[in-house]
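# Close look at the chain arrangement
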Amino acid sequence: MDDANNALTDVELARQFPANFIWGAATAAYQIEGAAREDERGLSIWDAFSATPGKVAGGDTGDVATNHYHRMPEDVKLMKQLGLDAYRFSIAWPRILPDGRGRVNEKGLDFYERLVDNLLEHNIRPFATLFHWDLPLALHHKGGWLNRDTAYAFADYAEIVVWRLGDRISHWITHNEPWCSAYLGYGLGIHAPGLQDRQAALTAGHHVLLSHGLAVPRIRAHTPPTAQVGITLNFTPAYPADDRPETLRDVALADAFSTRWLLDPLYCGGYPEHLFEALQLNAPPIQNDDMALIATPIDFLGVNNYTRSLVRGRPSPATPPLADACDVLSPVPGACYTDMAWEIYPQALSDMLIRLHRDYHVPALYVTENGAAFSDNLNGDTRVHDPRRIDYLRRHIQAIAGAIQQGAPLHGYFVWTLLDNFEWAEGYRKRFGIVYVDYPTQRRIIKDSGHWYANLISTFHSAQNMPQP
Ligand code: FCB
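These lines cover the structure that appears in this document, whether it is placed above or below. (Residues numbered from 1 in each chain as written. Predicted model: local features only at pLDDT ≥ 70, side-chain atom pairs only at ≥ 80, totals over all residues. Heavy atoms only, no water.)

So, on to the overall build of the protein. Counting its regular elements, the protein contains 17 helices and 13 strands. The C-alpha radius of gyration computed for the protein amounts to 21 Å, which stays within 12% of the reference 23 Å derived for 469 residues, consistent with globular compactness. Dimensions of the protein, computed from the C-alpha atoms along their principal axes, are close to 55 × 55 × 45 Å. Here the protein holds 469 residues, and 61% of them are scored as buried. Sequence-distant contacts in the protein: of pairs separated by 6 or more residues, those separated by 24 or more amount to 78%. (Helix = DSSP H or I, 4+ residues; strand = E, 2+ residues; numbered from the N terminus. Rg over C-alpha atoms; globule rule 2.2 N^0.38 Å. Buried < 20%, exposed > 50% of the residue type's maximum accessible area, 1.4 Å probe, protein only. Contact = heavy atoms within 4.5 Å.)

See below:
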């Protein structure tokens, strides 16, 4: 398959996509904005977490990041230069509501209004994510996502943003990767707020989903009927390393936890059966109408995918069957890895898109994140050669073309990410951008992968206007 992919010309690759397919890039507020204490922005759990020694590699913080808050017009020009059709960004809740609820900070809204207007002037469609992990610290002090009230505060916040920007933003994403907010943040503690309590992760996950369900009608109330509302989940599909029964059992458990825990409530109205018993945990605090609220119909699902997990059944029946502690084969013999030690496996993305279409009947899909970290170096002054990233992107884009051919209703693809940025617990040492950031000077240099992506997009648009062979 790889050889065939590599043999495809960009024109052939571009021609595999339907008209109106959207090509974009994604970012998130805390990873790029900087200006952490400017214009009355409140603090978030990530400000507190990154300021805690030992939590983020190199002691890095998002205080300055890529200084996008001040360089926004230049960054939008960069997007235009790349020919992006769309840009997915996130709105920082603590910029809008410094205390999480109550007092609205107009300066925060002004910033996103300037960004959106700038995008629209350049004919770039804005996709806004309302929560990409930067929970206001003030709400954390009241329990954060463990407190049911936070779900109601989120719906209020969503409505405030939509009042101001609802007439201009066509696509709204309530949450980015609730699995990470809940499990990495409250279960494993490797993300903010840094709790290590697996039971708490289930509660946090439930309240995040509830906040989504509460926000959807509030968003619809202030947007035109054409506005599209969705949520983005992360998928690291589990595959069996062999066909032993215990492997198949553990793959099913890994799937229930990593994929279905937060997907099934959205599309099937309930948590996967036996999941909580398998995790040896109690169900989260579910109130009467919660599951119906969470399953409020949405217009699209955002899919983030980077890799897969290859699961081996644990031989000893004495080991408790914990779905989040399965035995993952790594490294996979013969496989290639990114700088995050994530196996490169494009088929996981196409398999997932097809499954969401066939088993969940998701009406519209977007790949809202896909990309790779590699250790890039500035070559001379103007070039960054990143052939492995080009190969990664090309193979994944080929894979999604295959999924579309098999019926997946995929409408767009967003590369993660526009600019090198603050990669959460990994700090700045992992570079995912298609644009290199020279942090000491904040100079932006389009990497070879950025040039390749720009060329693919322009080839796609010209191919739309050419007769098909
Ligand atoms: C995803 C996050 C995104 C980025 C990529 C590499 O889980 O949504 O912010 O960090 O991983």
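The subject of this paragraph is the site of the ligand. Close contacts around the ligand come from Gln 31, His 132, Trp 133, Asn 176, Glu 177, Tyr 306, Glu 369, Trp 416, Glu 423, Trp 424 and Phe 432, and that covers them all. Within the contact set of the ligand, an oxygen atom lies 2.7 Å away from a side-chain nitrogen or oxygen of Gln 31. Measuring from an oxygen atom of the ligand, one finds a side-chain N or O atom of Glu 177 at 2.5 Å. Alone, the ligand offers 290 Å² of accessible surface; in the complex the protein occludes 95% of this. (Near = heavy atom within 4 Å. Polar contact = N/O pair within 3.5 Å; in protein donor to acceptor, adjacent residues only side chain to side chain. Areas by Shrake-Rupley, 256 points an atom, 1.4 Å probe, with all protein chains shown as cover.)

The next thing to look at is the environment of Val 162. In this structure, Val 162 sits in helix α9 (residues 149-165). Beyond its immediate stretch of four places on either side in the chain, Val 162 contacts Trp 172, Ile 219, His 222 and Thr 223.

Quick look at the sheet that holds strand β7 (residues 300-304) now. Pairing is parallel around the closed barrel formed by eight strands, whose spatial order is β1-β2-β3-β4-β5-β7-β10-β11. Geometrically, the sheet is characterised by an average inter-axis angle of 25° between neighbouring strands, direction not taken into account. Pairing geometry for strand β10 (residues 365-369) and strand β11 (residues 410-416), over three bridges, is parallel. Note that in β11 the partner of Leu 365 across the bridge is Leu 410. Packing of helix α10 (residues 178-188) onto the sheet brings it into contact with β3 (125-131), β4 (171-176) and β5 (228-234), and relative to β5 it is tilted by some 40°. Across the sheet, helix α17 (residues 448-464) touches β1 (22-26) and β11, and the angle it forms with β1 is around 155°. (Pairing = 2+ DSSP bridges. Axes fitted to C-alpha atoms, helices over the stretch in contact; angles between N-to-C directions.)

Further remarks concern the state of the cysteines. Applying the stated criterion across every chain yields a total of zero disulfides. Summary of cysteine pairing: Cys 180 is not part of a disulfide, and the nearest cysteine sulfur, belonging to Cys 326, is at 16 Å. (Disulfide = S-S within 2.5 Å.)

Now for the packing of aromatic side chains. The full count for this structure, using the stated rule, is 40 aromatic pairs. Taking 4.8 Å as the distance between ring centres and 0° as the angle between the ring planes, the aromatic pair formed by Trp 93 and Tyr 157 counts as stacked. Placement of Trp 93 in helix α6 (residues 93-96) and of Tyr 157 in helix α9 is noted, with a sequence separation of 64 residues between them. For the pair Trp 93 and Tyr 157, a shared accessibility class is recorded, and that class is buried. Aromatic ring contacts, followed pair by pair, group Tyr 30, Trp 46, Phe 49, Trp 133, Phe 422, Trp 424, Tyr 428 and Tyr 439 into a single cluster. When the ring centre of Tyr 69 is taken as reference, the NZ or CZ atom of Arg 95 above it lies at 4.1 Å. (Phe/Tyr/Trp six-rings, centres within 6.5 Å; stacked < 30°, edge-to-face > 60°. Lys NZ or Arg CZ within 6 Å of the ring centre and 35° of its normal.)

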